[in-house]
Amino acid sequence: MRPRFPKLRELGEAIRAIVQGPFTGKGTSLRGVSPFPGVRYKIEFDQDKCIFCGACVRVCPANARAIIDVPEMAIRRNIHYQDSCIYCGQCVRYCTTQDAIRHTPVFDLASLRSDGFANEIQGELVFCEICAGVVAPKKQLLWIAHKAGALVSANPNLYLTLYRELGILETLRPCSPSLTERQSHPGPFRSDSLRILCPDCRRRVSLRESWGE
Ligand code: SF4
Ligand code: SF4
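Remember, it's a predicted structure, so these values are computed and weren't measured experimentally.

About the thresholds
- Residue positions are given per chain, counted from 1 along the sequence in the order it is written.
- Starting at A for chains and at 1 for ligands, labels are handed out in the order in which the entities are written.
- Per-residue local features are limited, in this predicted model, to residues with pLDDT of at least 70; the limit for side-chain atom pairs, both in listing and counting, is 80 or more; totals at the level of whole chains, interfaces and linings are taken over all residues.
- Only DSSP runs of H or I covering at least 4 residues are called helices, and only runs of E covering at least 2 are called strands; the numbering of each starts at the N terminus.
- Buried means a residue has 20 or more other C-beta atoms within 10 Å of its own C-beta, exposed means 12 or fewer, and partly exposed covers the counts in between; C-beta atoms are placed from the backbone.
- Contacts here follow a simple rule: the backbone-placed C-beta atoms of the two residues must lie within 7 Å.
- Each nonpolar core reported here comprises buried Ala, Val, Leu, Ile, Met, Phe, Trp, Tyr and Cys residues connected via C-beta atoms within 7 Å.
- Expected helix span is given by 1.5 Å per residue-to-residue step, counting one fewer step than there are residues.
- In this description, a line fitted to the C-alpha atoms serves as the axis of each element, helices being fitted only across the stretch in contact, and the angle between N-to-C directions of two axes falls anywhere from 0 to 180 degrees.
- Roughly parallel covers angles under 35 degrees, roughly antiparallel covers those over 145, roughly perpendicular covers 65 to 115, and oblique covers all other angles.
- By convention here, the C-beta atom is placed from the backbone, and a residue is near a molecule or strand when that atom is within 6 Å of it.
- For this classification, the nonpolar set comprises Ala, Val, Leu, Ile, Met, Phe, Trp, Tyr, Cys and Pro, the charged set comprises Asp, Glu, Lys and Arg, and every other residue, Gly included, is treated as polar.
- In this analysis, strands are considered paired if DSSP registers two or more bridges between them.

To continue, consider the overall build of the protein chain. A count of helices and strands for the protein chain gives seven helices and six strands. When the helices and strands of the protein chain are listed from N to C terminus, the series reads α-β-α-β-β-α-β-β-β-α-α-α-α. Per-residue burial over the protein chain gives 20% buried out of 213 residues. For the protein chain, the share of sequence-separated contacts (at least 6 apart) that also reach a separation of at least 24 residues comes to 58%.

Looking now at the nonpolar core. Counting residues in hydrophobic clusters, the biggest one holds 16 residues, and the most contacted among them are Leu 141, Ala 145, Leu 158 and Leu 197. Of all the secondary structure elements, the ones that give two or more residues to this core are β6 (134–137), α4 (138–148), α5 (156–166) and α7 (199–211). By residue number, the principal contributor to this core is α5, which donates four residues. If we skip the residues at most four places from it in the chain, Leu 197 touches Cys 128, Glu 129, Ile 130, Asn 157, Arg 202 and Val 205.

This paragraph deals with helix α1 (residues 8–20). In a regular helix each residue adds 1.5 Å, so 13 residues correspond to 18 Å; α1 covers 18 Å between its end C-alpha atoms and thus fits that length. Burial analysis of α1 places just zero of its 13 residues in the buried class, a small minority of the element.

Where α4 contacts α5, the axes come no closer than 9 Å and their chain directions differ by 100°. Compared by their axis directions, α4 and α5 come out roughly perpendicular. Residues Lys 138, Leu 141, Leu 142, Ile 144, Ala 145 and Ala 148 of α4 touch α5, and the partners they reach there are Asn 157, Leu 158, Tyr 159, Thr 161, Leu 162 and Glu 165.

Attention now goes to the site of ligand 2. Taken together, 13 residues lie near ligand 2, and Cys 50, Cys 53, Cys 56, Cys 95 and Ala 100 sit nearest. Split into classes, the residues belonging to the shell around ligand 2 amount to nine nonpolar, four polar and no charged.

Alternating residues of strand β3 (residues 75–81) divide into Arg 76, Asn 78 and His 80, all buried, and Ile 75, Arg 77, Ile 79 and Tyr 81, none buried. Where strand β2 (residues 65–70) meets β3, six bridges bridge the pair, whose relative direction is antiparallel. What sits directly across from Ile 68, in β3, is Arg 77. Counted between consecutive antiparallel strands, the loop separating β2 from β3 contains four residues, among which Ala 74 sits at a positive phi close to 60°. One ladder, built from seven bridges, connects β3 with strand β5 (residues 118–127); its direction is antiparallel. Its bridge partner lying in β5, Asn 78 is registered against Ile 121.

In short, geometric facts, not functional conclusions.
Right under this line is the structure:
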């Protein structure tokens, strides 16, 4: 049988809760108590540090990540679906730059928007200068170029992207065949080796340079 009036202790706690606020916070946190170090709560991207390589998508066991190229807008989308995520931390652990994804102390994932569970960042794509296919995200090429140091000169895709980014070269097309030459012979030409190329076009240019027609 329920007591007709609240007990004095319960009444005191109710008044204290009204004055001081609830003791518990959202999720599992306690008010005023920091989460344990290493706790795996909500995940955030760092747009500046992500190179859009897609390694985090490959290691995700829950298909909670996606990399989608949109060539017509020249962008690569990197998406994290929070509602599919199991917060295992694999993507954080194996992120190529080791700094582009992190767990935050935020636990609350509630959202009133049906699309509110996805985080997305976007990066610029670089295209093949012969076939116009996607080569790689620009930030990925720049990241590798900086890692390569002096060896960057061994790879035209890397040094052309780097030099253009630095403003040293607007475009580098020495001895480019004229449009008329292109129309009579679509190539590839030897001078095409000094262009940004996809692997297929690079192979065709190299084979032609080594073996001729
Ligand atoms: S924490 Fe785990 S499940 Fe969530 S996105 Fe990263 S790898 Fe996928
Ligand atoms: S840099 Fe890290 S977060 Fe960005 S796509 Fe690569 S693995 Fe994923």
